[in-house]
Amino acid sequence: MLFHTFAFLLFFTVVFTVYWSLRGHRARMTWLLVASAYFYASWNPWLLGLIAFSASVDYAAALALERLASPRSRRLVLVLSVGTNLGLLAFFKYVNFFLDTVVEAGGLFGLPCRRSALEIVLPLGISFYTFETISYVVDVYRGRTRAVRSLLDYALYILFFPHLVAGPIVRPREFLPQLRRRKRFRWDRMEVGVRLFLAGLFKKAVLADHLAAAIDPFFAAPAGYGSASSWLAVLGYAAQVYCDFSGYSDMALGLAHTLGFHLPANFRLPYFAPNVVELWRRWHISLSTWLRDYLFVPLGGSRGGTWKTCRNLVLTMTLGGLWHGAAWPFVVWGLYHGLLLAAYRVVPLPRWLGRPWARPLAVAFTFLCFCVGLAIFRCQTLTDGAAVLGRMFCPTPGAALAPGAALTVVAAVAAVFLGHLAGALADLEGLGRRLPAPALGAVLAALLLLALLLLPESGKAFIYFQF
């Protein structure tokens, strides 16, 4: 069930009505767990067993960590728990990639290797809930959170349907305390939830899906297009991936608000970041902070001098790229961003870049660097990625995007820019709170009507579902 479909609207109407009709807090939490399990089972019921197994291992491991006093025993439990989670993730997501790499490497040395592809179903959301279970066990090991005694609470922490399949990645300290607080229906939170959901619906169903239809033909065969089309397609993809994923995040946050929960923000005007470090503080925040706390810092973080810090940055971002998918373009994309972060730390920048009048230049340059990475990220192969980058920076004749597709890209990119500008210059949340109820209702109704009118005939799955 996709958030922007009638099937999900029907599902959520039932969930919402029953949830707020129940009196007891535990009854509501039990109902949410049942609804979340049904939501995930609607994709593939057999994969519920995988989540149950993974969650059971971590639930038991956390309880054992609190009972054990020996540092050696505690480290062993931690390694077994994290190893189980990463082992499952590696098998379902990376085994074919690893075998393909071995075959290709053998071919380079003249060794004839053949294999049949393993028919492995990638569990929806496995990358997201695996990181959540790892953060839970590690936090218990570090003493930052207590192990959960209630199996209901722990199961709902993992399965809560708004964030289950594509985040945001929720930390145990952020979510588990909310499960113990009794929920009371509040109109102000309902208004915030509806506003966030409709904003996300507009981003996803109108902007992102129309952009996908416009630029997918380009990325299916980029070698035949010229330089202008390459720039338009990459800019269009920058707008698409932002609208798609931030739209999903907005919808997830909105759904959680209507049920009395708070999820962390995942995007904060990332395309207005003045440097690559600031960009990663604004883009996919739940992932970037997870990589910082559970990978970069354990590797040594900024300790040990400039060289080791740069090494840790490159390694962290390369593994972050691999997290996105089992393909070399993702790995190279992560390596590229790791090198950018390392270069920002090492290369001295002129002082004038810090002045207010130079900020638009810094923002434009940072966005350009991000687009270069997206050209690699979006392509199916490194060869296609090199072809797109070559056409972007070396004038090349070729086919043009269809006039309608080019217009769609320009309009969507302008909409994303204006949205960032409005968010930077105005307090939109405060404005929403100050508007009279009839005026706010009219704005939300107009947004919903516009989204329904512009909704494409066939909606697409969210981009991050594949990760």
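Structural data are supplied above this passage.
All values derive from a computational prediction rather than experimental measurement. (Residues numbered from 1 in each chain as written. Predicted model: local features only at pLDDT ≥ 70, side-chain atom pairs only at ≥ 80, totals over all residues. Heavy atoms only, no water.)

Q: Could you give an account of the nonpolar core, naming the residues involved and the relevant values?
A: If you look at the biggest cluster of nonpolar residues, it comprises 133 residues, and the most contacted ones within it are Phe8, Leu32, Tyr136, Leu259 and Phe261. Here this core gets 15 residues from one element, more than from any other, and that element is helix 10 (residues 227-258). Among all residues touching Leu32, those that are not within four sequence positions of it are Val15, Tyr19, Leu156, Phe160, Phe161, Leu259 and Phe261. (Core = buried A, V, L, I, M, F, W, Y, C linked by side-chain atoms within 4.5 Å. Buried < 20%, exposed > 50% of the residue type's maximum accessible area, 1.4 Å probe, protein only. Helix = DSSP H or I, 4+ residues; strand = E, 2+ residues; numbered from the N terminus. Contact = heavy atoms within 4.5 Å.)

Q: With reference to specific residues and values, describe the state of the cysteines.
A: Taken as a whole, this structure holds zero disulfides when the rule is applied. Just so you know, Cys243 is unpaired, no disulfide at all, and the nearest cysteine sulfur is the one on Cys371, 13 Å from it. With no disulfide of its own, Cys371 lies 9.4 Å from the sulfur of Cys369, the closest cysteine sulfur. Looking at Cys371, the relative accessible area reads 2%, which means it is buried. (Disulfide = S-S within 2.5 Å.)

Q: Residue-level account of the side chain of His25, with values.
A: Looking at where His25 falls in the secondary structure, it is placed in helix 2 (residues 25-41). With sequence-adjacent residues up to four places away left out, His25 is seen in contact with Leu179, Arg180, Arg181, Arg182 and Lys183.

Q: Tell me about the pattern of salt bridges, residues and numbers included.
A: Within the structure shown, the criterion is met by 14 salt bridges. Residue Arg171 is joined to Asp293 by a salt bridge in which the shortest nitrogen-to-oxygen separation is 3.0 Å. In this pair, Arg171 sits in the loop between helix 7 (161-164) and helix 8 (172-180) while Asp293 sits in helix 12 (residues 285-299), placing the two residues 122 residues apart along the sequence. The pair Arg171 / Asp293 is uniform in exposure class, with both members buried. Connected via shared salt-bridge partners are Glu66, Arg146 and Arg149. (Salt bridge = Lys/Arg side-chain N within 4 Å of Asp/Glu carboxyl O.)

Q: Summarise the packing of helix 9 (residues 187-220) against helix 19 (residues 437-454); cite the residues concerned and give the values.
A: Each packed pair of helices is defined by two parameters, the angle between the axes and the distance between the axes. One way to put it is that helix 9 packs onto helix 19 with a least axis distance of 9 Å and a crossing angle of 25°. Judged by the angle between their axes, helix 9 and helix 19 are roughly parallel. Remark: the crossing between helix 9 and helix 19 carries left-handed chirality. Residues Glu191, Val194, Arg195, Leu198, Ala199, Leu201, Phe202, Val206 and His210 of helix 9 touch helix 19, and the partners they reach there are Leu440, Leu444, Leu447, Leu448, Leu450, Ala451 and Leu454. (Axes fitted to C-alpha atoms, helices over the stretch in contact; angles between N-to-C directions. Parallel < 35°, antiparallel > 145°, perpendicular 65-115°, else oblique. Left-handed = near helix turned anticlockwise from the far one by under 90°.)

Q: Tell me what's going on with a nonpolar patch on the surface, and back it up with residues and numbers.
A: A surface patch of nonpolar side chains, about 430 Å² in accessible area, is lined by Phe6, Leu9, Leu10 and Val14. On the basis of relative accessibility, which here comes to 43%, the residue Val14 falls in the partly exposed class. (Patch = residues over 30% accessible without salt bridge, like charges linked within 9 Å, V, L, I, M, F, W, Y side chains within 5 Å. Areas by Shrake-Rupley, 256 points an atom, 1.4 Å probe, with all protein chains shown as cover.)

Q: How would you summarise unusual backbone geometry if you had to cite specific residues and measurements?
A: One non-glycine residue with positive phi stands out, namely Leu269, at about 45°. Positionally, Leu269 belongs in the loop between helix 10 and helix 11 (276-282). Of note, the phi angle at His284 is positive, near 45°, even though the residue is not glycine. For His284, the location among the structural elements is in the loop between helix 11 and helix 12. Note on His284: relative accessible area 0%, which makes it buried.

Q: If you had to explain the packing of helix 14 (residues 328-346) against helix 15 (residues 359-378) to someone new, which residues and values would you point to?
A: Their axes nearest at 8 Å, the elements helix 14 and helix 15 cross at an angle of 160°. When the interaxial angle is binned, helix 14 and helix 15 end up roughly antiparallel. Helix 14 and helix 15 meet at a crossing whose hand is right-handed. In this structure, helix 14 uses Pro329, Phe330, Val332, Trp333, Tyr336, His337 and Leu340 to contact helix 15, whose residues at the interface are Cys369, Phe370, Val372, Gly373, Leu374, Ile376 and Phe377. For the contact of helix 14 with helix 15, the per-class residue count stands at twelve nonpolar, two polar and no charged. (Nonpolar A, V, L, I, M, F, W, Y, C, P; charged D, E, K, R; others polar.)

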